[in-house]
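# Reading the structure
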Amino acid sequence: MERASVISAIEQALSEVLERPVSGLTEEIRLFEDLHLDSTSILELLMALEDAVDLSVDPEELDMDDFQSVGSLAGYVLSQQAATSGR
């Protein structure tokens with residue numbers, strides 16, 4: 001999956017979680033500070049992404065650095081997909 005497709009999936013998942021349209025995301029947008037997500041919202045976002053991009057997330061392996069920005073989350077999703085396809 002391409003990075004732009006992942007960011008699009010993040011936009012769609014954020015729209016579901018925040019219950020409002022989210023568009024025009026850039027990689028620099030911070031999830032906590034700019035979008036005002038909290039830990040519960042992050043878990044909801046991950047569940048929505050699991051369905052949207054066929055991702056499997058192990059909560060024990062989560063690192064908060066992966067959730068600093070849209071770009072870091074996109075990198076996390078891509079790395080998880082690569083790890084899953086490599087199995």
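Anyway, here's the lowdown on the structure attached to this text. Computed from a predicted structure; not experimentally measured. Position numbers for residues count from 1 along each chain, tracking the sequence in the order it is written. Local features in a predicted model are, by the rule used here, given only for residues with pLDDT of at least 70; side-chain atom pairs are given and counted only at 80 or more, and totals for whole chains, interfaces and linings are based on all residues. Side-chain figures throughout are based on the complete set of non-hydrogen atoms in the structure, without hydrogens or water.

## As for the overall build of the chain
- What the chain contains, in helices and strands, is 3 helices and 0 strands.
- Runs of E in the DSSP output that reach at least two residues are strands. Runs of H or I that reach at least four are helices, and both are numbered from the N terminus. Reading the chain from its N end, one meets helices and strands in the order α-α-α.
- Both definitions apply: the radius of gyration is a C-alpha atom measure, and the globule rule equals 2.2 Å times residues to the power 0.38. Against the compact-globule benchmark of 12 Å for 87 residues, the chain has a radius of gyration of 12 Å, which places it among compact chains.
- For the C-alpha atoms alone, the extent of the chain along its principal axes is close to 35 × 25 × 20 Å.
- A total of 87 residues make up the chain; the buried ones form 37% of that total.
- By sequence separation, contacts in the chain at least 24 residues apart represent 60% of the contacts at least 6 residues apart.
- Here the chain contributes 4 positively and 19 negatively charged side chains, and the mean placements of these two sets differ by 5 Å. Remark: exposure states derive from per-residue accessible area (1.4 Å probe, protein chains only) relative to the maximum for the residue type, with buried under 20%, exposed over 50%, and partly exposed in between. Contact criterion: two residues are considered in contact whenever any of their non-hydrogen atoms come within 4.5 Å of each other. His is not counted, nor are the chain ends; Lys and Arg add positive charge and Asp and Glu add negative charge. A charged residue contributes its charge at one atom only: NZ of Lys, CZ of Arg, CG of Asp or CD of Glu.

## Overview of the environment of Glu19
- Note that Glu19 resides in the loop between helix H1 (3–18) and helix H2 (39–53).
- For Glu19, a relative accessible area of 71% puts it in the exposed group.
- Taking the C-alpha atoms as reference points, Glu19 and Ala82, separated by 63 residues in sequence, lie 30 Å from one another.

## So, unusual backbone geometry
- In this structure, Glu19 is a non-glycine residue whose phi angle is positive, near 55 degrees.
- Of note in the backbone geometry, His36 takes a positive phi value of approximately 60 degrees without being a glycine.
- By the element assignment, His36 lies in the loop between H1 and H2.
- For His36, a relative accessible area of 63% translates into the label exposed.

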